[in-house]
Amino acid sequence: MTGVGLRGTSGKAGLLKNVQLFQGLSERQLQQIARLADEMDVPAGKVLARAGETGHEMFVIVEGQASVTTSQRRTLQLGAGDFFGEMSLLDGGPRSATVEAATPMRLLVIGRREFFSLLAEAPLISKGIMRTLSQRLRKADAAFSTCT
Ligand code: CMP
């Protein structure tokens with residue numbers, strides 16, 4: 001992947017402040033995430049997760065748009081402040097969907113070990129991830145019920 005590590009810890013912490021998932025965290029916690037996360041720029045068309053493959057990291061979108069193609073062949077858009085790739089880390093299963101950069105993107109990448117240490121350190125992050133998973137499940141159920 002291209003453009004890894006463009007910014008120092010304090011620059012990355014600045015990016016994290018604008019991400020909904022990290023709202024309410026202390027400056028110390030933001031600095032900790034910034035130390036654990038790699039910054040990455042990718043061109044449009046880059047496949048960031050492929051359905052069925054093993055996942056090793058989660059991504060937070062700083063800039064740009066991603067297309068998620070689910071197993072039901074639904075396509076969803078994710079944008080700045082959204083995250084993806086958490087499901088494989090949480091349950092150890094394969095990627096549930098294919099995620100591709102729809103535009104040039106700037107991302108923060110958090111590896112499996114770092115992800116779990118963040119969850120242990122910051123219950124607010126766990127809560128935020130669970131909230132988003134619940135919302136995504138509701139939307140998926142609503143979309144499924146309109147097809148049947
Ligand atoms: P993961 O399964 O690790 O890799 C693909 C990612 O796509 C998945 O984690 C989620 O982050 C994301 N994803 C899968 N299904 C949906 C959905 N219905 N809505 C939004 N994001 C999704």
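Structure: see above.
Along each chain, numbering runs from 1 in the same order as the chain's sequence is written. Where local features are concerned, this predicted model is filtered to residues with pLDDT of at least 70; where side-chain atom pairs are given and counted, the filter is 80 or more; whole-chain, interface and lining totals use all residues. The side-chain values count all of the structure's non-hydrogen atoms but skip hydrogen atoms and water molecules.

At their nearest, the axes of helix 1 (residues 9-16) and helix 2 (residues 27-36) sit 8 Å apart, and the two run at 115° to each other. Judged by the angle between their axes, helix 1 and helix 2 are roughly perpendicular. At the point where helix 1 passes helix 2, the crossing takes the right-handed sense. Of the residues in helix 2, those in contact with Thr 9, Ser 10, Lys 12, Ala 13 and Leu 16 of helix 1 are Leu 30, Gln 31, Ile 33, Ala 34 and Arg 35. Looking at the contact of helix 1 with helix 2 residue by residue, the class counts come to five nonpolar, three polar and two charged. To obtain an axis, a line is fitted to C-alpha atoms, over the contacting stretch when the element is a helix, and the angle between two such axes runs from 0 to 180 degrees between their N-to-C directions. Numbering of helices and strands runs from the N terminus, with a helix taken as a DSSP run of H or I at least four residues long and a strand as a DSSP run of E at least two residues long. Note on angle classes: values under 35 degrees are labelled roughly parallel, values over 145 roughly antiparallel, values of 65 to 115 roughly perpendicular, and the remainder oblique. A crossing counts as left-handed when the near helix is turned anticlockwise from the far one by less than a right angle, and as right-handed when that turn is clockwise. In what follows, residue pairs with any heavy atoms lying within 4.5 Å of each other are defined as contacts. All residues other than Ala, Val, Leu, Ile, Met, Phe, Trp, Tyr, Cys, Pro, Asp, Glu, Lys and Arg, Gly among them, are scored as polar; the first ten of these are nonpolar and the last four charged.

Moving on: the site of the ligand. Here a residue counts as near a molecule or strand whenever at least one of its heavy atoms sits within 4 Å of it. Of all residues adjacent to the ligand, which total 13 residues, the nearest are Gly 85, Glu 86, Ser 88, Arg 95 and Ser 96. Polar contact criterion, stated in full: a pair of N or O atoms within 3.5 Å, where within protein one must be able to donate a hydrogen and the other to accept it, and residues adjacent in sequence count only if both atoms are side-chain atoms. Here an oxygen atom of the ligand and a backbone polar atom of Met 87 are 3.5 Å apart. Within the side chain of Arg 95, a nitrogen or oxygen atom sits 2.8 Å from an oxygen atom of the ligand. For every accessible area listed, the method is Shrake-Rupley and the probe measures 1.4 Å; residues are considered covered only by the protein chains on display. Burial of the ligand by the protein amounts to 92% of the accessible area it has alone, namely 460 Å². Cavity and pocket criteria rest on a 1 Å grid covering protein atoms alone: a 1.4 Å probe that fits but cannot get out defines a cavity, protein on both sides within 12 Å along at least 5 of 7 lines defines an open pocket, and an atom within 4 Å of a point defines a lining residue. Each molecule is checked against the cavity or pocket grid, and it sits inside if more than half of its atoms lie within 2 Å of the grid points. When each cavity is represented as a set of grid points, the ligand is found to reside in the largest pocket. Of all the secondary-structure elements, those providing two or more residues to the shell around the ligand are helix 3 (86-91) and strand 7 (97-101). Looking at the shell around the ligand, the element that brings in the most residues is helix 3, giving three residues. Here the residues of the shell around the ligand sort into six nonpolar, three polar and four charged.

Here the focus is the nonpolar core. What we call a nonpolar core is a set of buried Ala, Val, Leu, Ile, Met, Phe, Trp, Tyr and Cys residues that are connected through their side-chain atoms within 4.5 Å. Accessibility here uses a 1.4 Å probe with only protein chains present; expressed as a share of the type maximum, an area under 20% marks a residue as buried, one over 50% as exposed, and anything in between as partly exposed. If you look at the biggest cluster of nonpolar residues, it comprises 24 residues, and the most contacted ones within it are Leu 21, Phe 22, Ile 33, Val 60 and Ile 125. What Phe 22 contacts, discounting residues up to four positions off in sequence, is Leu 16, Leu 30, Ile 33, Val 60 and Ile 125. Within the second largest apolar cluster, 16 residues are counted, among which are Leu 48, Phe 59, Leu 78 and Val 99.

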